Amino acid sequence: VRVVLPEALPILDTVKLVARYEPALDGAGVGGDFYDVFRLPTGRVALAVGDAAGHGLQAGALMGQLRNGLRAYAVQERGPAVTLRSLSELIAGLEPDAFATAFYAELDPDTGELVWASAGHPPPVLTFPGGTPRYLEGVPSPPLGIFTESDVDGGRLVLPPGGGIFMYTDGLVERRRVDISDGLDALLSLVGAHQDQITCVDAVVNGMREESGYADDVCVLF
């Protein structure tokens, strides 16, 4: 799966980035989770995490199509909502029985404005210098591949200097026979305990891992 993830994160003057990928404990080596970061022609920074349903080669192939499709639609610069709607139409056409979740945002590095949309994906954590982290508010639209006729709901906000957005796939917070709210509470607590990005990401990935490892693939982008 690493062959379809970015070889390296882009180096940006005013935006610091940290990412991690953790494979599932079953050792299959092929999953449907991905993250991506790239510059748009306007200078905005595109940030994405996604999760194609399932495991194995089929999920890995769908994940590759998702990442390539996202890049193709994003550079048209019609905004995150239209980009995810187009991606949903692509999946519905290519794989009628497949579906995926995704969170996609475009960040203006000069102003901190963040425009975002979500398709069935768990909410990112917003961080603030000297403040308490919180989950991004808003109800996600249905997963990609489920809808094709309307835009994805989303929103916009302004991150203050030093603020950040912690994005992840659901394998980080979901546990068998455990309410997902427990995982979300644990994640928020870990993010709030660390100000440094690298330290925070490492602490979250290690702290959320079960004794035997992760039952599902995990991607983190902060």
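Residues numbered from 1 in each chain as written. Predicted model: local features only at pLDDT ≥ 70, side-chain atom pairs only at ≥ 80, totals over all residues. Heavy atoms only, no water.

For the rest of this paragraph, the subject is unusual backbone geometry. One non-glycine residue, E77, lies in positive phi territory at about 55°. In this structure, E77 sits in the loop between α1 (56-74) and α2 (80-94). Using a relative accessible area of 32% as the deciding quantity, one classes E77 as partly exposed. (Helix = DSSP H or I, 4+ residues; strand = E, 2+ residues; numbered from the N terminus. Buried < 20%, exposed > 50% of the residue type's maximum accessible area, 1.4 Å probe, protein only.)

Glancing now at the nonpolar core. Ranked by internal contacts, the top residues of the largest apolar core, which has 46 residues, are L47 and L84. Aside from chain neighbours lying at most four places away, what touches L47 is L17, D36, V37, F103, Y104, A105, L107, L114, I165, M167 and L221. Counting 19 residues, the second-largest nonpolar core is a separate cluster that includes F166, V205, Y214 and F222. (Core = buried A, V, L, I, M, F, W, Y, C linked by side-chain atoms within 4.5 Å. Contact = heavy atoms within 4.5 Å.)

The next thing to look at is the sheet that holds strand β4 (residues 100-107). Reading across from one edge, β2-β3-β4-β5-β8 is the order of the 5 strands in this open sheet, with antiparallel pairing throughout. Sheet topology places β2 (33-39) and β8 (154-158) at the edges, where each strand pairs with a single neighbour. The mean angle between the axes of side-by-side strands here comes to 15°, regardless of whether they run parallel or antiparallel. Across 5 bridges, the pairing between strand β5 (residues 113-119) and β8 is antiparallel. Bridge pairing links A117 to G154 in β8. (Pairing = 2+ DSSP bridges. Axes fitted to C-alpha atoms, helices over the stretch in contact; angles between N-to-C directions.)

The next thing to look at is the packing of helix α3 (residues 180-192) against helix α4 (residues 197-208). Running from N to C, α3 and α4 point in directions that differ by 150°, and their axes come no closer than 9 Å. In terms of orientation, α3 and α4 fall into the roughly antiparallel class. α4 is crossed by α3, and the crossing has right-handed handedness. Taking contact as the criterion, the partners of G183, A186, L187, L190 and V191 in α3 are, on α4, C200, A203, V204, G207 and M208. A per-class count over the contact of α3 with α4 returns 8 nonpolar, 2 polar and no charged. (Parallel < 35°, antiparallel > 145°, perpendicular 65-115°, else oblique. Left-handed = near helix turned anticlockwise from the far one by under 90°. Nonpolar A, V, L, I, M, F, W, Y, C, P; charged D, E, K, R; others polar.)

Most of strand β3 (residues 45-52) is tucked away, with 8 of its 8 residues classed as buried. A two-sided burial pattern is seen for β3, the buried positions comprising V45, L47, V49 and D51 on one face and A46, A48, G50 and A52 on the other. Direction of pairing for β2 relative to β3: antiparallel, over a ladder of 7 bridges. Bridging from a neighbouring strand, D33 pairs with D51 of β3. Between the end of β2 and the start of β3, which pair antiparallel, lie 5 residues, with G43 showing a positive phi angle near 100°. Judged from the 8 bridges that link them, β3 and β4 form a sheet pairing that is antiparallel. When the sheet's bridge partners are listed, A48 is paired in β4 with Y104.

Further remarks concern α3. The first and last C-alpha atoms of α3 sit 19 Å apart over 13 residues, in line with the 18 Å expected at 1.5 Å per residue. All buried positions along α3 are accounted for by G183, L184, L187 and V191. Viewed along the axis of α3, the buried residues span an arc of 100°, placing them on a single side of the element. Across α3 from its buried face, at more than 90 degrees, point the exposed residues D185 and S189. Lining the buried residues of α3 we find β6 (125-127), β7 (134-135), β9 (164-168) and α4. (Expected span 1.5 Å × (residues − 1). Arc of directions from axis to C-beta.)

Roughly 700 Å³ of volume is contained in the largest pocket. Lining the largest pocket are 35 residues; nearest its centre among them are K16, G162, G163, G164 and Q197. Of the residues in the lining of the largest pocket, the class split is 19 nonpolar, 12 polar and 4 charged. (1 Å grid on protein atoms, 1.4 Å probe; cavity = no way out; pocket = protein on both sides within 12 Å on 5 of 7 lines; lining within 4 Å. Points joined across faces, edges and corners; volume = space filled by probe spheres on them.)

In the structure shown here, the tally under the stated rule is 8 salt bridges. A salt bridge links E113 to R44, with the nearest nitrogen and oxygen atoms 2.5 Å apart. Residue E113 is located in strand β5, and its partner R44 is located in the loop between β2 and β3; the two are separated by 69 residues in the primary sequence. We classify R44 as buried; its relative accessible area is 19%. Residue E113 is joined to R156 by a salt bridge in which the shortest nitrogen-to-oxygen separation is 2.9 Å. Of the two residues, E113 is situated in strand β5 and R156 in strand β8; the sequence distance between them amounts to 43 residues. Of the residues examined, R156 reaches a relative accessible area of 55% and is grouped as exposed. (Salt bridge = Lys/Arg side-chain N within 4 Å of Asp/Glu carboxyl O.)

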